[in-house]
Amino acid sequence: MIAETAVSPNHYLQIGPGCLSVLAKIMRHRLAPARGTAYNLVMTDKTQLTLDRIFSSDDFKAETFGPARWLDDGSGYTTLETVENQSGDEDSKLKELVRYDIASGERTLLVTTALLTPPNAEKPLILQNYDWSPDKQRLLIYTNSQRVWRQNTRGDYWVLNLADGTLHQLGQGLPEASLMFAKFAPNGNAVAYVCQQNIYVEALPSGSITQLTQDGGGHIINGTSDWVYEEEFHLRDGFRWSEDGRSIAYWQFNTDGIETFYLINNTDSLYPKLIPLPYPKVGTTNSACRVGVVAATGGRTTWFALPGDPRQQYVPKMEWANSSEQVVIQQLNRLQNKNIVWLGNVADGSVTAVHTETDDAWIDVRTDDLHWLDDGQSFTWVSDRNGWRQIFRIGRDGQQQTPLTPAAFDVVSVEKVVEGDGRLYFIASPDNPTQRYLYTTSLDGDTAVQRLTPAHLPGSHSYDISPDGQHAFHTYSACNQPPVVSLISLPDHQQIRVLQGNEKLGGRVTAVNQPSLDFFQITLDDGTVLDGWRLTPPDFDPSQKYPLLFYVYGEPAGQTVVDRWGGNQLLWHMMLAQQGFIVISLDNRGTPAPRGRAWRKSVYRQIGILATADQAEAAQKIIANHSYIDPERVGVWGWSGGGSMTLNLMFKHGDIYKTGIAIAAVSDQRFYDTIYQERYMGLPDDNEAGFRDGSPINFAHQLQGKLLIIHGTADDNVHYQSAEAVLNKLIEHNKPFDMMAYPNRAHGIKEGKNTTRHLYGLLTRYLNENLMDSA
């Protein structure tokens, strides 16, 4: 019933269960209040999802576990826990450090807020992350973190001496929140860190600071990476202590020669502020990257003599080679189809090649997982050279190569190498590419692989395995199951106790009037099988006609069809289903599903071409085979690569898709960065047709339906330039469109108060206005 029906401005309408159909009719007919009138709808029915419940409340907030650290002896672990009986937003962030015994579950408080309070300070430090010294007598504390492009990798570091309770801030005299990637030396008596593109070592407990590099700043970056390495190789922490603690190996980047892209901040000051970003676009100059070793006491750097032009090669990975005399370095050519593994001699910088991996398409070094075995005499390696992603064991000289997993399915990731037990743990899903499970095999290649994840838990599983391989933090979720974190034993996979059950979230999800969610497959004319998921309204009636919304991504960087908890985006799709939409997502060829090399690399040199064709053909078949879908009310939306896919579908297949929403889309592949785009497309000079036909901007003149383009003006990843270019093209061809620019927001469009709620409100309104039946 309607408890309050007054229609004066700013009155509240309480909507009970009996009035949901009335509300649906209001939405369907788009009845607007008189000017100056605001209706605040207070939902009392917890079976219904709303924008405010999803994005402006904690109703569906998932609780997390950790960060946790295993003890070296396997007897327990430490973790952060929120201090109880607090009040206020700032106090809610206060954490204490506790230890748990695995066998008994006994909890021991190790570090209290009192110990975290610096001398003469009124409040304790907000403990955001931490690390132990090797002897567990000192605690490295990370606090006051600041965002650097994607992640909060810059902040303040303190060292707590547990023996006497003293608290010492590192980098005294250096700017506030300017330290990055601090880590203890192997003996625990020093900490190294990066500050303003130089590397420092600080002795403990004296606090004496030695600056190891002097040339950092401007174009020279020491100990961390340039923008494109961070984005595409996930390289942020750019230095490594040697095992004996006497040396540090590090990356250096020289960005001189990279063209500067200027981001414009119009909102934080009276006049615009320009933010310079050295950003290498497709076919342009890259940073010169090299790797060297410097003594921890300071002195001259020994640079490794890697062959080739450093601006035409990449060095995505580097580690110490299980000794303090050699460093193992991976070097990719610019096309990223040849990866050479080098052993670098610390004494003179000479290098020796021990393994070379080649591919007719590309090599994804993010999955190679090199781990040393036999006291450095061999290492693990991941390759899909035989058609499936396998784990190999390769001798230090590169001669002996033994497969540890069969060429019958894809290894998704290596989770742990436990040499003491002769075991290798990895994630795979041979029978269902939408799911993820834990498997094990021996390190000698003589034992068949064995699945450890129980069969009664279908979905997605991830693991943080203890150093001795006897236990793990196990996280399980599924499309209808929020994450549950448990402590388990291995290899029997027995649950010891639940660490975070998310019972409150699970209860609220269960209470929702559930749309039907199912996974399905569809076969294209050439026999290709695509995976998909589908949401249908709770009161679905096949005799009625429904609007259909496709959610797309479709690029090599991610899958959308995965059987795991999808958080707020899943809940939003469920809300749309409650409102009468059918929502479908499909994984086309080229997505990183564990379906084999041919599946993943079929899109080489044709990004935006084959994937678009797959999506369109599948959509046609779905519409033709289901009479309850209204072919005049078919929409599509996506973000980033999914935004590009949306533009391609709207421009190339306007007969299928009537409404589209493209967020942060790459409209012209030439605008994107070297590492990502060239990996999958090659260079524009030798793939002119691919770049032309895969870029949606070249087909903007074919737009037929309703199109909303959304972009953050401070997007450092896919620049606002990309939106402006396609808008110009639409204007040139007199094509009507809608757009929304989010001022000074980056690629995730989440900065600032209420941004996410506003964004999804806009999406919801646009879809209802253009796809919902107005009759």
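These figures come from a predicted structure and were not determined experimentally.

Undergrad: Would you take a moment to explain the packing of helix H5 (residues 567-578) against helix H12 (residues 755-771) for this structure?
TA: In a packed pair of helices, the relevant descriptors are the angle between the two axes and the axis-to-axis distance. Close contact between H5 and H12 brings their axes to 12 Å; oriented N to C, the two are set at 25 degrees. With respect to their mutual orientation, H5 and H12 come out roughly parallel. Pair H5 / H12 crosses with right-handed handedness. From H5, Gln569, Trp572, Met575 and Leu576 reach across to H12, where they touch Tyr760, Leu763, Thr764 and Leu767.

Undergrad: What is the right way to read the pairing of strand E8 (residues 138-148) from this model?
TA: Successive residues of a regular strand alternate their side chains across the two faces of the sheet. With eight of 11 residues buried, E8 lies mostly within the body of the structure. In this sheet, E8 lies alongside strand E7 (residues 129-132) in antiparallel orientation, the contact comprising four bridges. Considered in E8, the bridge of Asn129 is made with Tyr142. The antiparallel hairpin formed by E7 and E8 contains five residues in its connecting segment, where Lys136 sits at a positive phi of about 65 degrees. In this sheet, strand E9 (residues 151-161) lies alongside E8 in antiparallel orientation, the contact comprising eight bridges.

Undergrad: So what exactly am I meant to see when it comes to the pairing of strand E17 (residues 247-254) here?
TA: Extensive coverage of E17 is indicated by the burial of seven of its eight residues. Where strand E15 (residues 220-222) lies against E17, three bridges are found, and the strand directions are antiparallel. Across the sheet, the residue bridging to Ile220 is Asn254, located in E17. Summarising the sheet, strand E16 (residues 239-241) and E17 pair through three bridges and their orientation is antiparallel. When the bridges of E17 are listed, Arg240 appears paired with Ala249.

Undergrad: Explain the packing of aromatic side chains here, please?
TA: Any two aromatic rings considered together are summarised by their centre-to-centre distance and by the angle between their planes. Applying the stated criterion across every chain yields a total of 31 aromatic pairs. Arranged with centres 5.2 Å apart and planes meeting at 65 degrees, the rings of Phe65 and Phe473 form a pair that is edge-to-face. Of this pair, Phe65 sits in the loop between helix H2 (51-55) and strand E3 (68-70) while Phe473 is found in strand E35 (residues 471-478), placing the two residues 408 residues apart along the sequence. Overall, the relative accessible area of 6% leaves Phe473 in the buried class. Seen in terms of ring centroids, Phe550 and Tyr657 are 6.0 Å apart; in terms of plane orientation they differ by 70 degrees. Their pairing is edge-to-face. Of this pair, Phe550 sits in strand E40 (residues 546-552) while Tyr657 sits in the loop between helix H8 (641-652) and strand E43 (659-663), and the two are 107 residues apart along the sequence. Here the aromatic cluster, defined as three or more aromatic residues joined through ring pairs, consists of Phe55, Tyr551, Trp572, Trp637 and Tyr760. For Arg290, the ring lying beneath its charged end belongs to Trp303, and the centroid distance is 3.7 Å.

Undergrad: Would you mind going over the confidence of the model for the protein with me for this structure?
TA: Detailed reading of the predicted coordinates is not advisable wherever pLDDT is low. Across the protein, the average pLDDT comes to 92, with 93% of residues at 70 or higher. Per-residue pLDDT stays below 50 along residues 1-41; that stretch engages in 59 contacts with residues further than four places along the chain or on separate chains.

Undergrad: Please clarify how the sheet that holds strand E22 (residues 313-320) should be interpreted in this entry.
TA: Strand-to-strand pairing in sheets goes through backbone hydrogen bonds, with the strands running parallel or antiparallel. Strand order across the open sheet formed by four strands is E22-E23-E24-E25, with antiparallel pairing between neighbours. Each of the sheet's edge strands pairs with one partner strand only, and the pair in question is E22 and strand E25 (351-358). Taking each pair of neighbouring strands and ignoring which way they run, the sheet shows an average axis angle of 20 degrees. The pairing of strand E24 (residues 338-345) with E25 spans seven bridges and is classified as antiparallel. Bridging from a neighbouring strand, Ile340 pairs with Thr356 of E25.

Undergrad: Explanation requested: the pattern of salt bridges in the structure shown.
TA: Side chains carrying opposite charge are able to pair once their charged atoms draw close together. Per the counting criterion, the structure on display carries 31 salt bridges. A salt bridge links Asp518 to Arg534; the nearest nitrogen and oxygen atoms lie 2.8 Å apart. A residue pair is termed long-range when its members are at least 10 positions apart, and Asp518 in strand E38 (residues 516-523) and Arg534 in strand E39 (residues 529-536) qualify at 16 residues. Asp518 sits in the partly exposed class, given a relative accessible area of 26%. The class for Arg534 is buried, based on a relative accessible area of 14%.

Undergrad: I'm lost on a negative patch on the surface in this one. Help?
TA: On the surface, Glu243, Asp244, Glu325, Asp375 and Glu419 cluster together into a patch of negative charge. By the element assignment, Asp375 lies in the loop between strand E26 (372-373) and strand E27 (378-383). Look at Asp375 and you get exposed, because its relative accessible area is 68%.

Undergrad: What is the right way to read the environment of Gln48 from this model?
TA: Structurally, Gln48 can be placed in the loop between strand E2 (40-43) and H2. Sequence separation between Gln48 and Gly257 is 209 residues; the distance between their C-alpha atoms is 55 Å.

Undergrad: Help me understand the nonpolar core in this model?
TA: In a soluble, globular protein the nonpolar side chains are often hidden away together inside. Membership of the largest hydrophobic core comes to 47 residues, with the highest contact counts inside it found for Tyr229, Trp251, Phe304, Val327 and Ile329. Broken down by secondary-structure element, the contributors of at least two residues to this core are helix H3 (227-233), E17, strand E18 (260-265), strand E20 (288-295), E22, strand E23 (326-333), E24 and helix H9 (674-681). In this structure Phe304 touches Val291, Gly292, Val293, Val327, Ile329, Gly344, Asn345, Val346, Gly349, Ser350 and Val351, once residues within four positions along its chain are discounted. Membership of the second largest hydrophobic core comes to 45 residues, among which are Tyr546, Leu548, Ile629 and Val636.

Conventions adopted
- Residues numbered from 1 in each chain as written.
- Predicted model: local features only at pLDDT ≥ 70, side-chain atom pairs only at ≥ 80, totals over all residues.
- Heavy atoms only, no water.
- Axes fitted to C-alpha atoms, helices over the stretch in contact; angles between N-to-C directions.
- Helix = DSSP H or I, 4+ residues; strand = E, 2+ residues; numbered from the N terminus.
- Parallel < 35°, antiparallel > 145°, perpendicular 65-115°, else oblique.
- Left-handed = near helix turned anticlockwise from the far one by under 90°.
- Contact = heavy atoms within 4.5 Å.
- Buried < 20%, exposed > 50% of the residue type's maximum accessible area, 1.4 Å probe, protein only.
- Pairing = 2+ DSSP bridges.
- Phe/Tyr/Trp six-rings, centres within 6.5 Å; stacked < 30°, edge-to-face > 60°.
- Lys NZ or Arg CZ within 6 Å of the ring centre and 35° of its normal.
- pLDDT = per-residue confidence, 0-100.
- Salt bridge = Lys/Arg side-chain N within 4 Å of Asp/Glu carboxyl O.
- Patch = residues over 30% accessible without salt bridge, like charges linked within 9 Å, V, L, I, M, F, W, Y side chains within 5 Å.
- Areas by Shrake-Rupley, 256 points an atom, 1.4 Å probe, with all protein chains shown as cover.
- Lys, Arg positive; Asp, Glu negative; His and termini not counted.
- Charge placed at Lys NZ, Arg CZ, Asp CG, Glu CD.
- Core = buried A, V, L, I, M, F, W, Y, C linked by side-chain atoms within 4.5 Å.

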